[in-house]
Number of protein chains: 2
Amino acid sequence: MTDLAGWRKRIDEIDQQLVKLLNERSQCALEIGHLKKAMDVPTWQPQREADILRNVEQANAGPLDHAAIRRLFERIIDEARSLERHSMEGGSVFGKD
Amino acid sequence: MTDLAGWRKRIDEIDQQLVKLLNERSQCALEIGHLKKAMDVPTWQPQREADILRNVEQANAGPLDHAAIRRLFERIIDEARSLERHSMEGGSVFGKD
């Protein structure tokens, strides 16, 4: 590929997949939150967060460096946590409240 | 799925795919940066960034809300921009310098 339009089209395709996966991941995090609540275990488990960050660094082959991957996943984890908190407070998972 | 371990395994699988796609996206952005440099056009094009954010909001079916998707993609775009800047300054794309 040598044209701007072609690379941009590829980025747009990747973005569609990213949106889908980010939402699927958030749904999993919500399910985990509900299970934890039912089992009465702490929501925040720092060891699990450390494991996630280690896993993604190990999977990283670049060109993003490890620090960039870590920053991105810290944000992803943070958004999942916000959503979980909102869901626990409001009840509905799908944003009606 | 009713167990924590199962949901966590699914998150780990999604994270592997996310790392791969985020890197593929960054590689596309680097290619675009090189093309722009060769064509002597401005690197930063705010209209393209606005288009990207509009596209991902349109693709978003939740449970993440539009503001969360926007924050995530602002970070993704920002990391691509940092990588591009670093690559232009240092020459190598693959992080030797």
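In what follows, the accompanying structure is described. It should be emphasised that the depicted structure is a prediction, and the values quoted were computed from it without experimental measurement.

Right, let's get into the interface of chain B and chain A. How big an interface is tends to be expressed through the accessible area that disappears when the partners come together. Facing 50 residues of chain B, the contacting portion of chain A comprises 50 residues. Summed over both sides, the interface between chain B and chain A buries roughly 5000 Å², with carbon and sulfur atoms accounting for 69% of that surface. Looking at the side of chain B facing chain A, the largest losses of area belong to Trp-7, Arg-8 and Pro-63 of chain B, adding up to 13% of the total buried there. The interface formed by chain B and chain A includes 8 salt bridges. Among the elements of the structure, helix H1 (4-39), helix H2 (46-59) and helix H3 (66-90) of chain B are those that each provide at least two residues to the side of chain B that touches chain A. For the side of chain B that touches chain A, the leading source of residues is H1 of chain B, giving 27 residues.

So, on to the nonpolar core. Counting residues in hydrophobic clusters, the biggest one holds 50 residues, and the most contacted among them are Leu-18 and Phe-73 of chain A together with Leu-18 and Phe-73 of chain B. Listed by contribution, the elements that provide at least two residues to this core are helix H1 (4-39), helix H2 (46-59) and helix H3 (66-90) of chain A together with H1, H2 and H3 of chain B.

Positionally, Asn-23 of chain B belongs in helix H1. Only 2.9 Å separates the side chain of Asn-23 of chain B from the backbone nitrogen of Leu-64 of chain A, close enough to count as a polar contact. Residues contacting Asn-23 of chain B, with those up to four places away along its chain left out, are Asn-60, Ala-61, Gly-62, Pro-63, Leu-64 and Ile-69 of chain A.

With that settled, the discussion passes to H3 of chain A. With 25 residues, H3 of chain A should reach 36 Å at 1.5 Å per residue; the first-to-last C-alpha distance of 36 Å fits that figure. Taken together, the buried residues of H3 of chain A touch H1 and H2 of chain A together with H1 and H3 of chain B.

Next up on the list: the relation of the copies chain B and chain A. For the pair chain B and chain A, the superposition axis carries a translation of 0.0 Å, the fit reaches an RMSD of 0.0 Å, and the rotation angle comes to 180°. Expressed as a symmetry operation, the mapping of one chain copy onto the other fits a two-fold axis. By C-alpha distance to the rotation axis, the residue of chain B lying nearest is Leu-18 of chain B, at 3.4 Å. With an isologous cut-off of 70% or more, the 100% of interface residues of chain B that recur at the interface of chain A puts this contact in the isologous class.

Attention now goes to empty space enclosed by the protein. Per the counting criterion, the structure on display carries 2 cavities of 30 Å³ or more. In terms of lining, the largest cavity is formed by 16 residues, of which the most central are Lys-36, Arg-48, Ile-52, Ile-77 and Glu-84 of chain B. Within the residue set of the lining of the largest cavity, elements represented by two or more residues are H1 of chain A together with H1, H2 and H3 of chain B. The class makeup of the residues in the lining of the largest cavity is 7 nonpolar, 2 polar and 7 charged. As a volume, the second largest cavity reaches approximately 40 Å³. In terms of lining, the second largest cavity is formed by Leu-22, Leu-72 and Ile-76 of chain A together with Leu-22, Leu-72 and Ile-76 of chain B. Only H3 of chain A together with H3 of chain B provide two or more residues apiece to the lining of the second largest cavity. Here the residues of the lining of the second largest cavity are counted per class, giving 6 nonpolar, no polar and no charged.

As a working rule, side chains carrying opposite charge can pair if their charged atoms are close by. What the rule picks out here adds up to 22 salt bridges over all chains. Ionic pairing is found between Arg-75 of chain A and Glu-79 of chain A, a salt bridge with its closest N-O pair at 3.5 Å. One end of the pair, Arg-75 of chain A, and the other, Glu-79 of chain A, are both in helix H3, 4 residues apart, so they sit about a helical turn from each other. Judged by its relative accessible area of 4%, Glu-79 of chain A is buried. Measuring nitrogen to oxygen at the nearest pair gives 3.1 Å for the salt bridge that ties Glu-13 of chain B to Arg-10 of chain B. Of this pair, Glu-13 of chain B and Arg-10 of chain B both sit in helix H1, 3 residues apart, which is roughly one turn of the helix. Judged by relative accessible area, which is 34%, Glu-13 of chain B ranks as partly exposed.

Conventions used here
- Residues numbered from 1 in each chain as written.
- Chains lettered and ligands numbered in written order.
- Predicted model: local features only at pLDDT ≥ 70, side-chain atom pairs only at ≥ 80, totals over all residues.
- Heavy atoms only, no water.
- Contact = heavy atoms within 4.5 Å.
- Buried area = accessible area lost by both parts, 1.4 Å probe.
- Salt bridge = Lys/Arg side-chain N within 4 Å of Asp/Glu carboxyl O.
- Helix = DSSP H or I, 4+ residues; strand = E, 2+ residues; numbered from the N terminus.
- Core = buried A, V, L, I, M, F, W, Y, C linked by side-chain atoms within 4.5 Å.
- Buried < 20%, exposed > 50% of the residue type's maximum accessible area, 1.4 Å probe, protein only.
- Polar contact = N/O pair within 3.5 Å; in protein donor to acceptor, adjacent residues only side chain to side chain.
- Expected span 1.5 Å × (residues − 1).
- Least-squares fit on C-alpha atoms with pLDDT ≥ 70 in both.
- 1 Å grid on protein atoms, 1.4 Å probe; cavity = no way out; pocket = protein on both sides within 12 Å on 5 of 7 lines; lining within 4 Å.
- Points joined across faces, edges and corners; volume = space filled by probe spheres on them.
- Nonpolar A, V, L, I, M, F, W, Y, C, P; charged D, E, K, R; others polar.

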